[in-house]
Amino acid sequence: MDDYYWCEGMSEWKHLSTLEISKGALATTAQKDALKAAGLPFDELTTKVQVTALFSAGKNAPATAKQLALLSYLGQPVSENISKKEAADRIDAIVGGSDSADKFKDWNEDKLVLFPDIYADEIAALKRECFAEYNTFRQELGSAKSELPKLSFEEAGRIFAYLDASRPGWMKPRIAMFLDHFLPCVEAKIHLQK
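As a starting point, this report considers the structure included with it. What you see is a predicted model, and the numbers here were worked out from it, not measured in a lab.

**A few points about the overall build of the protein**
Point 1. The secondary structure content of the protein amounts to 10 helices and two strands.
Point 2. From first element to last, N terminus to C terminus, the protein shows the α and β order β-β-α-α-α-α-α-α-α-α-α-α.
Point 3. Taken over the C-alpha trace, the protein has a radius of gyration of 25 Å; the compact-globule value for 194 residues is 16 Å, which it surpasses by more than 25%.
Point 4. The principal-axis extents of the C-alpha atoms in the protein amount to approximately 80 × 50 × 30 Å.
Point 5. For the protein, the proportion of its 194 residues judged to be buried stands at 28%.
Point 6. Taking the intrachain contacts of the protein between residues at least 6 apart in sequence as the baseline, contacts between residues at least 24 apart amount to 42%.
Point 7. Approximately 12400 Å² of the protein is accessible, and the part contributed by carbon and sulfur atoms is 54%.
Point 8. Distance between charge centres in the protein, computed from 24 positive and 29 negative side chains, equals 4 Å.

What follows is the structure in structure tokens.
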């Protein structure tokens, strides 16, 4: 698609992708969105055939760290050379079982404690949410509870580091993160410790 063509009478060379017949071969917006969601590379000249090839190659790729973590959590022994598709199929088979609710009820919280490196992005997001919840709580109290200090994210980071070191698993259950762990640390002035 990024090759050029020229015909007699044209003033300049043009990309093949500009031909009307080529436009039907280019990836659709939905396909590009799917590639983006999967973290696969594409550009405006990616074709439908290339999309299919990218997804086919992905099926044969090694299982992701998150897939391996989930299978391990579910007590499923797997070799590290299991493919992404095979891992997905095994997870789907477990999810489809009648007792899947019991197997997964604590996964979203347990994974953060058991696999912190793999889920570092989710842990960081939860900490940002906790910090935002503190700011909202502080604003809602207004002057009635003015002893709650305004915190920078750096100061909140000191509290998060303290909680990570002294109370592993403090993010479980998520509903208790702010009131049961973060707020008492603010009141104990943990954020002022260096």
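**Overview of the packing of aromatic side chains**
Point 1. On inspection of all chains with the given rule, the structure shows 12 aromatic pairs.
Point 2. Arranged with centres 6.2 Å apart and planes meeting at 55°, the rings of Trp107 and Phe115 form a pair that is tilted.
Point 3. Under the relative-accessibility criterion, Trp107 is labelled buried at 8%.
Point 4. By relative accessible area, Phe115 is classed as buried at 18%.
Point 5. Consider the rings of Phe131 and Phe153, whose centres lie 5.2 Å apart with planes at 75°: the pair is edge-to-face. Separated by 22 residues along the polypeptide, Phe131 in helix H8 (residues 120-141) and Phe153 in helix H9 (residues 153-166) bring together distant segments of the chain.
Point 6. Three or more aromatic residues joined by ring pairs form one cluster here, namely Phe131, Tyr134, Phe137, Phe153, Phe160, Trp170, Phe178 and Phe182.

**Notes on the pattern of salt bridges**
Point 1. Within this structure, the stated rule accounts for six salt bridges.
Point 2. The shortest N-O distance in the salt bridge between Asp121 and Lys66 comes to 3.8 Å. With a gap of 55 residues between them, Asp121 in helix H8 and Lys66 in helix H4 (residues 65-73) connect regions that are remote in the sequence.
Point 3. A relative accessible area of 47% means that Asp121 is categorised as partly exposed.
Point 4. For Asp89, the salt bridge goes to Lys85, with nearest N and O atoms at 3.0 Å. One end of the pair is Asp89 and the other is Lys85, both in helix H5 (residues 84-95) and four residues apart, which spans about a single turn.
Point 5. On the accessibility criterion, Asp89 (40% relative accessible area) is partly exposed.

**With respect to the environment of Ala27**
Point 1. Examined against the element boundaries, Ala27 turns out to sit in the loop between helix H1 (20-23) and helix H2 (29-38).
Point 2. Given the relative accessible area of 8%, Ala27 is considered buried.
Point 3. In this structure the C-alpha to C-alpha distance between Ala27 and Asp164, which are 137 residues apart in sequence, comes to 45 Å.
Point 4. Sequence-distant contacts of Ala27, defined by excluding residues within four places in its chain, comprise Lys32, Thr46, Thr47, Lys48 and Val51.

**Some remarks on a negative patch on the surface**
Point 1. Together, Asp2, Asp3, Asp43 and Glu44 make up a negatively charged patch on the protein surface.
Point 2. As for its position among the elements, Asp2 is in the segment before strand E1 (4-5).

**Some remarks on the state of the cysteines**
Point 1. Applying the stated criterion to the full structure yields zero disulfides.
Point 2. Considering cysteine sulfurs only, Cys185 is the nearest to Cys130, which forms no disulfide, with 9.6 Å between them.

**Here we look at the nonpolar core**
Point 1. Counting 33 residues, the largest nonpolar core has Tyr134, Leu151, Ile159, Phe160, Phe182 and Val186 as the members making the most contacts within it.
Point 2. No other element matches the six residues that helix H10 (residues 177-187) contributes to this core.
Point 3. In contact with Leu151, other than residues within four places in its own chain, are Phe131, Tyr134, Ile159, Phe182, Val186 and His191.

**Some details on H10**
Point 1. Those residues of H10 not exposed but buried are Met177, Phe178, His181, Phe182, Leu183, Cys185 and Val186.
Point 2. Lining the buried residues of H10 we find H8 and H9.
Point 3. In the segment just after H10, Lys189 is the residue with positive phi, at about 60°.

Quick notes on the rules
Residues numbered from 1 in each chain as written. Predicted model: local features only at pLDDT ≥ 70, side-chain atom pairs only at ≥ 80, totals over all residues. Heavy atoms only, no water. Helix = DSSP H or I, 4+ residues; strand = E, 2+ residues; numbered from the N terminus. Rg over C-alpha atoms; globule rule 2.2 N^0.38 Å. Buried < 20%, exposed > 50% of the residue type's maximum accessible area, 1.4 Å probe, protein only. Contact = heavy atoms within 4.5 Å. Areas by Shrake-Rupley, 256 points an atom, 1.4 Å probe, with all protein chains shown as cover. Lys, Arg positive; Asp, Glu negative; His and termini not counted. Charge placed at Lys NZ, Arg CZ, Asp CG, Glu CD. Phe/Tyr/Trp six-rings, centres within 6.5 Å; stacked < 30°, edge-to-face > 60°. Salt bridge = Lys/Arg side-chain N within 4 Å of Asp/Glu carboxyl O. Patch = residues over 30% accessible without salt bridge, like charges linked within 9 Å, V, L, I, M, F, W, Y side chains within 5 Å. Disulfide = S-S within 2.5 Å. Core = buried A, V, L, I, M, F, W, Y, C linked by side-chain atoms within 4.5 Å.

Purely geometric stuff here, so don't read any function into it on its own.
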